[in-house]
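Coordinate analysis (summary)
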Amino acid sequence: MALKGLDIFKLSPKKNCKECGSPTCMAFCMKVAQGAADISACPYFSEDAKAQLSEATAPPMKSIKIGTGAEEMVLGGETVMERHEKTFVNKTRYADSLCNCMDEATIEAKLAEVPKVDYDRIGERMYAELIYVNYSAEGSYDYVELVKKAAALGRTLVLGCTDVEVAKAALAVCKDSKPVLNGATPANYAEMNAVATEAGVVLGVSGADMNEIYDTVKALEGLGNKNLVIDTTGATVKETFANTVQLRKAAIKDGDRTCGYPSIVNLVKVAKDDLHLQAALAAIFTIKYGSIVVMQEITYAEALPLYGLRQNIFTDPQKPMRVEPGIYALNGADENSICLTTVDFALTYFLVSGELERSGVPVNLIISDAGGLSVLTAWAAGKLSSSSIEKFWKEADIEGKIKNRKLIIPGKVAVLKGEIEAKLPGWEVIIAPREAVELVKFLKDMQAN
Ligand code: SF4
């Protein structure tokens, strides 16, 4: 059971020195109990106290690292059932899939397709971070060769292989990139544990039902392996959904640490060849607790809605997504280039800057502090006004840095034109179109005239 703040306080140093960032030891202990602070932030807890507390204050679901370098990612580590309670911390990762049961032409075509989906949305790279490489005993394509080819794409692999010897051979060619070996079952878990431990990779556990999976996880923990993920894929969509929800509930609500591992949901098994259903299910399992969601293919048709959804789900609802206020010189803009101002809401920034870049016209994009709100919300809340712009102009020394005196303002706050011109003497204020998509033509027309 999770400890209460008072239990932690009893073991605290009681110095009230504030070094942890909290005003008192009691306040710090309350934060630790809520999961909002880590015990390591206080340098004075005794080793004995830390040992007593570490297990009890650890998050109910383990954070599991896979991949290396730029492809390193964390799965799990979640502390709540619903996003509105706190926040989801480690986003769902989508895996495109390959199988040695595919013919060579299909494999080559898939390998060529995977890198095609790769784009930025609001500062985040969107692409298939994982490749699930399934092993079928009936498959005619050499599995190790397939793993080598998949690894060459530079993505983290999930090896879906329950054959111990084949898994060992596959890991020999890819273990350095820290893949997941999704291969432990009630029948082979001891041997698979030895293979995964030797290679230093995360082990995936599956079984006929959750009882079997639970017993296998318990047995693996008994062997000292807590570097696990749980494959919750059942025989049907309904069973898969029930397993995945049950796992999260047992970990978070019941505090059962044996269930406190990230999940793998394999949609290729439960909705084979139905790409529309897989896309819909991937959206459901993004919201409902899939840590890795395996799909038959990820084209732009699947990626655009899915990654957008994921980005919305895995942001802190209490913190607006915002960019740093400042001057962003686009398309080689200098002090003589025209200025355009908007708010610091990340979506607005990336939409507007994307259109400005597309125009090719040198522009100084000036982002003022508007509390991370969109244009109209910031205006309604008084965070985007002639006064806020005047204040930012002074703080950022805009007039000292830029000689051009033309300023484009968002079309939705055209009403501010007169006030801004009164507060910033010498500036000509120009009204932009209402929609960012119209900026390219607008700027090109301005440049031509
Ligand atoms: Fe107390 Fe430790 Fe925080 Fe100091 S750093 S106030 S001793 S909890």
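For the structure, check the block above.
Within every chain, residues take consecutive numbers counted from 1 along the sequence as written. Only residues with pLDDT of at least 70 are given local features in this predicted model, and only at 80 or more are side-chain atom pairs given and counted; all residues enter the totals for whole chains, interfaces and linings. Processing note: side-chain calculations cover all non-hydrogen atoms of the structure and skip hydrogens and water entirely.

**Observations regarding the site of the ligand**
- If even one non-hydrogen atom of a residue comes within 4 Å of a molecule or strand, that residue is called near it. Near the ligand the following residues occur: Pro13, Lys15, Asn16, Cys17, Lys18, Glu19, Cys20, Cys25, Phe28, Cys42 and Tyr44.
- Put simply, the ligand lies in the second largest cavity.
- Following the grouping adopted for this structure description, the nonpolar residues are Ala, Val, Leu, Ile, Met, Phe, Trp, Tyr, Cys and Pro, the charged ones are Asp, Glu, Lys and Arg, and the polar ones are all others, Gly among them. Grouping the amino acids of the shell around the ligand by side-chain chemistry returns seven nonpolar, one polar and three charged. Using a grid of 1 Å spacing that covers the protein atoms alone, one calls a set of points a cavity when a 1.4 Å probe fits there but cannot get out, and a pocket when the set is open and has protein on both sides within 12 Å along at least five of seven lines; lining residues are those with an atom within 4 Å of a point. Assignment to a cavity or pocket requires that more than half of a molecule's atoms be within 2 Å of the site's grid points.

**Observations regarding the packing of helix α4 (residues 104–113) against helix α5 (residues 143–151)**
- Axis definition: a line fit to C-alpha positions, over the contact stretch in the case of helices; interaxial angles, taken between N-to-C directions, run 0 to 180 degrees. Each helix is a run of H or I in the DSSP string that is no shorter than four residues. Each strand is a run of E no shorter than two, and both are numbered from the N terminus. As a packed pair, α4 and α5 sit with axes 11 Å apart at the nearest point and diverge in direction by 20 degrees. Relative to α5, α4 is oriented roughly parallel. The chirality of how α4 crosses α5 is right-handed. Contacts from Glu104, Ile107, Glu108 and Leu111 in α4 reach Leu146, Lys149 and Ala150 in α5.
- Classifying every residue of the contact of α4 with α5 by side-chain character gives four nonpolar, no polar and three charged. When describing relative orientation, an angle under 35 degrees is termed roughly parallel and one over 145 degrees roughly antiparallel, while 65 to 115 degrees is termed roughly perpendicular and anything else oblique. The crossing is said to be left-handed when, going from far helix to near helix, the turn is anticlockwise and less than a right angle, and right-handed when the turn is clockwise. Two residues form a contact once any of their heavy atoms are found within 4.5 Å.

**Section: the layout of surface pockets**
- Its boundaries defined by the atoms lining it, the second largest pocket holds a volume of some 360 Å³.
- Lining the second largest pocket are 21 residues, and of these Thr348, Val352, Val375, Lys412 and Arg434 lie nearest its centre.
- Sorting elements by how many residues they give to the lining of the second largest pocket places helix α13 (residues 346–359) first, with four residues.
- The residue makeup of the lining of the second largest pocket, split by class, is 13 nonpolar, five polar and three charged. Grid points are joined across faces, edges and corners, and a volume is the space filled by probe spheres set on the points.

**Observations regarding empty space enclosed by the protein**
- Summed over the entire model, instances satisfying the criterion amount to two cavities of 30 Å³ or more.
- In this structure, the largest cavity spans a volume of roughly 130 Å³.
- As for the largest cavity, its lining consists of 19 residues, of which Glu78, Arg248, Tyr289, Gly290 and Ser291 are closest to the centre.
- Listing elements by their share of the lining of the largest cavity, those giving two or more residues are α9 (237–252) and α11 (275–287).
- Broken down by element, the residue count for the lining of the largest cavity peaks at three residues, all from α9.
- Here the residues of the lining of the largest cavity are counted per class, giving eight nonpolar, eight polar and three charged.
- Taken as a whole, the second largest cavity encloses approximately 90 Å³ of empty space.

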